[in-house]
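In case you want the letters, here they are:
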Amino acid sequence: SSGINAEWPLRPGLPALILLPLIGPRRNRFDGEWKEERLPSQNNYFKTLGATIMWMSWYGLVFGGVSTLRTNGGAVVAKIAVNTTISAVAASITAIGFGLYYERKLCPTDASNGILSGLVGITGACATVDTEWALFIGMVSGLIYFSLTKVFLNLQIDDVVDGVQIHLCCGIWSVIATALFSSRDLVKVAYPDFEDESVPCGLFYQCNGLGSVQLAANLVYCALIILWIGLTSGLIILPLWYFDLIRYSSRTDGEDTQSDYTGDTDSADSDTHNLIQDSNIGRVDAELKTIKERNSPGISPPGRVRNELVIREEKEEEEEEEEEKEEKKEKSTD
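Residues numbered from 1 in each chain as written. Predicted model: local features only at pLDDT ≥ 70, side-chain atom pairs only at ≥ 80, totals over all residues. Heavy atoms only, no water.

Visitor: Sorry, what's going on with the overall build of the protein here?
Guide: Along its length, the protein carries 13 helices and zero strands. From first element to last, N terminus to C terminus, the protein shows the α and β order α-α-α-α-α-α-α-α-α-α-α-α-α. Looking at the 334 residues of the protein, the share that counts as buried comes to 41%. Residue pairs at least 24 apart in sequence account for 70% of intrachain contacts in the protein once pairs closer than 6 positions are excluded. (Helix = DSSP H or I, 4+ residues; strand = E, 2+ residues; numbered from the N terminus. Buried < 20%, exposed > 50% of the residue type's maximum accessible area, 1.4 Å probe, protein only. Contact = heavy atoms within 4.5 Å.)

Visitor: In this structure, what is going on with the pattern of salt bridges? I would like to understand it.
Guide: Opposite charge on two side chains lets them pair, provided their charged atoms get close. Enumeration over the complete set of coordinates arrives at one salt bridge. Between Glu-103 and Lys-150 there is a salt bridge, and its shortest N-O distance comes to 2.5 Å. Here Glu-103, found in helix α4 (residues 73-103), pairs with Lys-150, found in helix α6 (residues 131-154); they are 47 residues apart in sequence, far enough to count as distant. (Salt bridge = Lys/Arg side-chain N within 4 Å of Asp/Glu carboxyl O.)

Visitor: Looking at this structure, I do not really get the packing of aromatic side chains. What am I missing?
Guide: One pair of aromatic rings is described through two measures. These are the centre distance and the angle between the planes. Overall, the coordinates contain 12 aromatic pairs when judged by the stated rule. Each ring, one from Trp-133 and one from Phe-136, has its centre 6.0 Å from the other, and the planes form 80°; the classification is edge-to-face. A residue pair is termed a helical-turn pair when its members lie 3 or 4 positions apart in one helix, as Trp-133 and Phe-136 do in helix α6 at three residues. Ring plane angle 90° and centroid distance 5.1 Å describe the contact between Tyr-242 and Phe-243, whose orientation is recorded as edge-to-face. The class for Phe-243 is exposed, based on a relative accessible area of 58%. Aromatic ring contacts, followed pair by pair, group Trp-133, Phe-136, Trp-173, Phe-181 and Phe-204 into a single cluster. One cation-aromatic arrangement involves Arg-104 over Tyr-101; the distance from NZ or CZ to the ring centre is 5.7 Å. (Phe/Tyr/Trp six-rings, centres within 6.5 Å; stacked < 30°, edge-to-face > 60°. Lys NZ or Arg CZ within 6 Å of the ring centre and 35° of its normal.)

Visitor: How should I be thinking about the packing of helix α5 (residues 108-122) against α6 in this particular structure?
Guide: Two measures define how a pair of helices packs: the angle their axes make with one another and the distance between the axes. Running from amino to carboxyl end, α5 crosses α6 at an angle of 125°, the nearest separation of the two axes being 8 Å. If you check the angle between α5 and α6, you find them oblique. The chirality of how α5 crosses α6 is right-handed. Judged by residue contacts, Thr-109, Asp-110, Asn-113, Gly-114, Ser-117, Gly-118, Gly-121 and Ile-122 of α5 engage Ala-134, Ile-137, Ser-141, Gly-142, Tyr-145 and Phe-146 from α6. (Axes fitted to C-alpha atoms, helices over the stretch in contact; angles between N-to-C directions. Parallel < 35°, antiparallel > 145°, perpendicular 65-115°, else oblique. Left-handed = near helix turned anticlockwise from the far one by under 90°.)

Visitor: I keep staring at a positive patch on the surface and nothing clicks. Help me out?
Guide: Taken together, the side chains of Lys-325, Lys-328, Lys-329 and Lys-331 make up a positively charged region of the molecular surface. Checked against the element boundaries, Lys-331 lands in helix α13 (residues 308-333). (Patch = residues over 30% accessible without salt bridge, like charges linked within 9 Å, V, L, I, M, F, W, Y side chains within 5 Å. Areas by Shrake-Rupley, 256 points an atom, 1.4 Å probe, with all protein chains shown as cover. Lys, Arg positive; Asp, Glu negative; His and termini not counted. Charge placed at Lys NZ, Arg CZ, Asp CG, Glu CD.)

Visitor: Mind showing me how you'd approach α5 here?
Guide: It helps to recall that an α-helix has 3.6 residues per turn; residues three or four apart then point in one direction. Helix length check: α5, at 15 residues, gives a terminal C-alpha distance of 22 Å against a target of 21 Å (1.5 Å per residue), a fit within 8%. Of all 15 residues in α5, 13 are buried; the element is thus mostly enclosed. (Expected span 1.5 Å × (residues − 1).)

Visitor: So what exactly am I meant to see when it comes to unusual backbone geometry here?
Guide: Negative phi is the rule for most residues except glycine; trans is the rule for most peptide bonds. Its identity is not glycine, yet Arg-104 carries a phi of approximately 60°, on the positive side. Looking at the element boundaries, Arg-104 is found in the loop between α4 and α5. Since its relative accessible area comes to 63%, Arg-104 is described here as exposed.

Structure below.
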């Protein structure tokens, strides 16, 4: 029964995996100085707030499997709360640690996405594993998220929100972890309808010789879910891709949506992003010059947003300078 809760987070990850190679990366994503690096967040405050809201909402999600607080219901809810919290924190700290070690910087994205990966990883086993295993599951979830993010960058797969790593991969890990670390006693408390001889448990416990059977059942179940979601998603996604209906136009991709960031936003960057949303090039020329002056022209500080409008204006200025030089040369030869 815990496997039913374990598999649902991987459902949104599989359609994302199908869509990514079909849509391709954002324009200029792997052409510039950030080719092999993660783009900094547009707004770390909102991202952290969103992750926190999801974290709090997750408790209601996993508590929903408890039908009553009578008998053992209160103990089950307490175990779920503790394991969910520990896994989320462990995954976040693990992701932050790897980011600090490999990238030599603290990345708020690692903290937020680490929390989500830990929540997904513990969902299936939140009521049936001991606390130390919840800690281990969270650490592995954080490692899965961080390592696969690097793999995707090396393969130039542009997963904007890291949905495949968090939902699909950590969801699969949740199904496997449930079959590895579930304690017989905790399974009996969470699912009292089992008879003593038929209580399943994780492979590491080998109760009644059912550990390997439970692992095999969870693997088959996970494979069937992937097959079913893959087929049904493909029936929707492939026709949309064939008729070119799943991606913004090139103009919209560059002007109306977030496309190219080189640092965290500040007040001037927020103004620039608002201009992108406005996408009225002719009307904002004067405002762009003001923003560039505030951002020190010619210098690219870490907090500056590079957008299509600014780059376009810089190119136009260079072209005008070249034209003026050519005109001077023609006059001198005359």
